[in-house]
Number of protein chains: 2
Amino acid sequence: MIENTRDMLGRTGLIPVDEALRILLHHLQHHTPETETIPLAEALDRVLAAPVLSPEDLPAHARSTMDGFAVRATDTFGTSESMPGYLQITGEVRMGEPPKGEVKGGSCFRIATGGLLPDGADAVIMLEHTVPVDDTLIEVVKGLGSGSNIIGKGEDIAKGALALPAGRLLRPQDLGLLAGLGISEVQVTRTVRVGIISTGDEIIPFSETPRAGKIRDINAIALSGLIRRAHARPVDYGIVSDRKEIFMPVLEQAVRENDIVLFSGGSSVGMRDLGEQAITDLGPPGILVHGVALKPGKPVIIGLSNEVPVFGLPGHPVSAMVCFDLFVRPAIDRLSGLSTDLLPEASISARLDRNMNSAAGRRDLIRVQLSRQDDIWTAEPILGKSGSISTLSRAHGYFIIPESSQGVSQGATITVYLYL
Amino acid sequence: MIENTRDMLGRTGLIPVDEALRILLHHLQHHTPETETIPLAEALDRVLAAPVLSPEDLPAHARSTMDGFAVRATDTFGTSESMPGYLQITGEVRMGEPPKGEVKGGSCFRIATGGLLPDGADAVIMLEHTVPVDDTLIEVVKGLGSGSNIIGKGEDIAKGALALPAGRLLRPQDLGLLAGLGISEVQVTRTVRVGIISTGDEIIPFSETPRAGKIRDINAIALSGLIRRAHARPVDYGIVSDRKEIFMPVLEQAVRENDIVLFSGGSSVGMRDLGEQAITDLGPPGILVHGVALKPGKPVIIGLSNEVPVFGLPGHPVSAMVCFDLFVRPAIDRLSGLSTDLLPEASISARLDRNMNSAAGRRDLIRVQLSRQDDIWTAEPILGKSGSISTLSRAHGYFIIPESSQGVSQGATITVYLYL
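Definitions and limits used
Residues numbered from 1 in each chain as written. Chains lettered and ligands numbered in written order. Predicted model: local features only at pLDDT ≥ 70, side-chain atom pairs only at ≥ 80, totals over all residues. Domains from an automatic or database assignment. Contact = placed C-beta atoms within 7 Å. Helix = DSSP H or I, 4+ residues; strand = E, 2+ residues; numbered from the N terminus. Nonpolar A, V, L, I, M, F, W, Y, C, P; charged D, E, K, R; others polar. Pairing = 2+ DSSP bridges. Axes fitted to C-alpha atoms, helices over the stretch in contact; angles between N-to-C directions. Buried ≥ 20, exposed ≤ 12 C-beta atoms within 10 Å, placed from the backbone. Parallel < 35°, antiparallel > 145°, perpendicular 65-115°, else oblique. Left-handed = near helix turned anticlockwise from the far one by under 90°. Least-squares fit on C-alpha atoms with pLDDT ≥ 70 in both.

J.: Pulling in residues and values, what's your account of the domain arrangement of chain A?
T.: Under the domain assignment, chain A is made up of domain 1 (2-34 + 191-335), domain 2 (37-58 + 157-189), domain 3 (63-151) and domain 4 (347-418). Each of domain 1 of chain A and domain 3 of chain A has a C-alpha centre, and these two points are 67 Å apart.

J.: Which residues make up the interface of chain B and chain A, and what values go with them?
T.: Taken together, the contacts link 72 residues of chain B with 72 residues of chain A. Sorting the residues of the side of chain B that touches chain A by element identifies helix H2 (172-180), helix H3 (219-229), helix H6 (317-335) and strand S22 (347-352) of chain B as the ones contributing at least two each. The greatest single-element share of the side of chain B that touches chain A, amounting to eight residues, is contributed by H2 of chain B. Here the residues of the side of chain B that touches chain A sort into 34 nonpolar, 24 polar and 14 charged.

J.: Just give me the short version of the sheet that holds strand S17 (residues 260-264) of chain A, but keep the residues and values in it.
T.: All names here are of chain A. Strand order across the open sheet formed by six strands is S16-S13-S17-S21-S20-S18, with mixed pairing between neighbours. With one partner strand each, in any of the chains shown, strand S16 (233-240) and strand S18 (285-290) form the two edges of the open sheet. The mean angle between the axes of side-by-side strands here comes to 20 degrees, regardless of whether they run parallel or antiparallel.

J.: Residues and numbers for the sheet that holds strand S4 (residues 68-71) of chain A, please.
T.: Residue and element names in this part refer to chain A. An order of S7-S4-S6-S5-S9-S8 is seen for the six strands of this open sheet, with the pairing classed as mixed. Both outer strands of the open sheet, strand S7 (123-126) and strand S8 (130-134), are each paired with one neighbouring strand and no more. Averaged over all pairs of adjacent strands, the angle between their axes in this sheet comes to 40 degrees, without regard to strand direction. Bridge analysis of S4 against strand S6 (residues 107-111) gives three bridges, and the strand direction is antiparallel.

J.: Talk me through unusual backbone geometry; I want residue IDs and the actual numbers.
T.: Most of the time, phi is negative for any residue but glycine, and the peptide bond is trans. For the bond from Pro284 of chain A to Pro285 of chain A, the omega torsion is 0 degrees, close enough to zero to count as cis. Along the chain, Pro285 of chain A falls in strand S18. Even without a glycine there, the phi angle at His231 of chain A is positive, about 65 degrees. With respect to the helices and strands, the residue His231 of chain A is situated in the loop between helix H3 (219-229) and S16. Classification of His231 of chain A by C-beta neighbours within 10 Å gives partly exposed; the count is 18. Backbone geometry places Asn149 of chain B, a non-glycine residue, at a positive phi of 60 degrees. Tracing the backbone shows Asn149 of chain B in the loop between strand S9 (137-140) and strand S10 (150-151).

J.: Could you give an account of the packing of helix H1 (residues 17-27) of chain B against H6 of chain B, with specific residues and numbers?
T.: Helix packing for two helices is described by the angle between their axes and how far apart those axes are. Residue and element names in this part refer to chain B. At a minimum axis distance of 10 Å, the contact between H1 and H6 shows a crossing angle of 30 degrees. Between H1 and H6, the interaxial angle falls into the category roughly parallel. Crossing handedness for the pair H1 and H6: right-handed. Across from Val17, Ala20, Leu21, Leu24 and Leu25 in H1, the residues of H6 making contact are Leu326, Phe327, Pro330, Ala331 and Arg334.

J.: Break down the relation of the copies chain B and chain A for me, citing the residues and quoting the values.
T.: Structural alignment of chain B on chain A gives an RMSD of 0.1 Å, achieved by rotating through 180 degrees and translating 0.0 Å along the axis. Each copy turns onto its partner about a two-fold axis. Of every C-alpha in chain B, the one belonging to Ala346 of chain B sits nearest the axis of rotation, 2.4 Å from it. Take the interface residues of chain B: 100% of them recur as interface residues in chain A, which is what a same-surface contact looks like.

In structure tokens:
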């Protein structure tokens, strides 16, 4: 595969996307994230550094799972609508209080869902399987076994059982579970810091009006947003000249101060040479990947300085964002200790509204706009001239034409991965 | 439909989910969000309050979209590999600088992708359609039309054209587009504030160890997380007694200080009565919905005090979270001015691994765990006793059994909406 990949000018040496990612992640496999302990209330979207075991039995006492009466199950054996049994109501379980007294043979306590099972009782009969006779007596019209309609001590989660695995991104429901276990602090991995350098003498801050030939910096703010969405922290080093004596010290500083560094610049040959030279000069291992069989995003450079991944992203914003999704995001996930094995990607099925061609041996990511008629989604590829920024935000998602394919036909069903 | 809905005890009066949501949103339809102007760098995940029109033509000058030579198209007419034309290289467009000089007949300028088209030229011939003769002369082996391989002034986006519509949630790529247009401040809607009250005398802070009958507050932290994920701001009023003289002043304060108020408490009849009474006492319009044909989540109360939606959520965390997704989230979106028309929900198709029954006239949301073999996702319903909190975080998503259905068979293909 690798030998056969050629870019559009017929040059060889481009690496397939999966191979580039494998090389990158292989170099990060022995990374151990630093950890910190933080209050649970601040832990949303952080990554668990260690498994959480339940510190106690839940529930701590058997509870009712129904509104009804706490009984001795043996007292209900053999009862039916035609042969009801009778039980004296001798008590009531009040919410938030331990039950007072004991359920003796022939008697029962009123109990609501969540109420603690009183001593003596071993089951709860549902309200609808009883008939009130008066305030102190019920008819029981159904027999039930011991343990019916209760949740036993430790049955929800036993002391020492795994509550959440290491590597879990803490979602709202995970915080709820930990709160339920009384865990008010969690050990999480340190937030990954990602340095961003915009480079190129033609790049100006977006707040300024460009003179002829200058262009505004789009990548820094777009990449910052993607980094935040990846639950990492962007650190912006501003716009730096692409003259090596100016660029190199800033790059070195960014590598010292961050876990990952991105630079993006013009797509000129000079800029590409600078990027390659700069990563080499940072020291070993140096360049891992230079050029990927990918459209858009072909000229991406992936390197490593000690343990810090350094990405030279294409200057074009769409290309830079595609390379972020394919390479930078997985690196952030790996360095944050996130376990991504089981997470399905957000996607929908749609019908492609025109033929799209691709080159064999290259992966194409085609951005699309979606529209729905009845329950059918239609995907319209977003085509725009290279450098067009108006297309930047029109996409609802993208689909993939894999290396093995030379195109997808109009009307084909495709999987569209969503930009949320 | 409404007349025929019955809960499991045969009681009528439950409202279908869609009807409950329609009633709620109908009452919010005239709401106009407050707005504020903020720096673009802080605008990620905020909602645009007004359409953004392009303040300028982009590009401001015609640019090349290829690496090659800026030419007069007429000079290439009729050329081919067998009948090449010849052009003198009389200049070069340098990145970041306005072109110097003019392309005259029979001549051309070197130009890179993104370079400004020099005066006199009206097209760019790609490098690969030329053959270098020496440093000053090229062979042209393909004819091209005027405008080829350039993007004209204002062709990307014209001055005054719509760049982004009002109601857009600002994603990273949207910030990139706005930066490209030189827009450094945006008018967004004010972040929606959502007050949370946990109520019930049996509820204790999650950091404490419950005595018999007490349970830890799970809902406040889980709801806070959901509110943050909905790009709103949670305001926690802590745990408040369910005695009306204590509860009511806190509820009133929360209604004064927030755009939406949630309270959640025990599922006891007393608590339900208090919730209903409290919303009524807040003043008109009062209760909009009390009880929905939904599992889980049936006992939800939806009310309105002036313009502030007030939700009485079920005490059980899973039920509370389901009601959040179905009712609170759409209210947040509406009050924030978010346009949700075109956004597909994140979902995947999966095969259900067992039969699931439901009651006609009721909507069931069944949480599932997903697993993948080859390219097929299998969904396993998460079943747990009522009140079980260990199930809280096991779900990857949920599927819906609609009101019109009494169940879904094993092996059926279902749409699983993802918890991300």
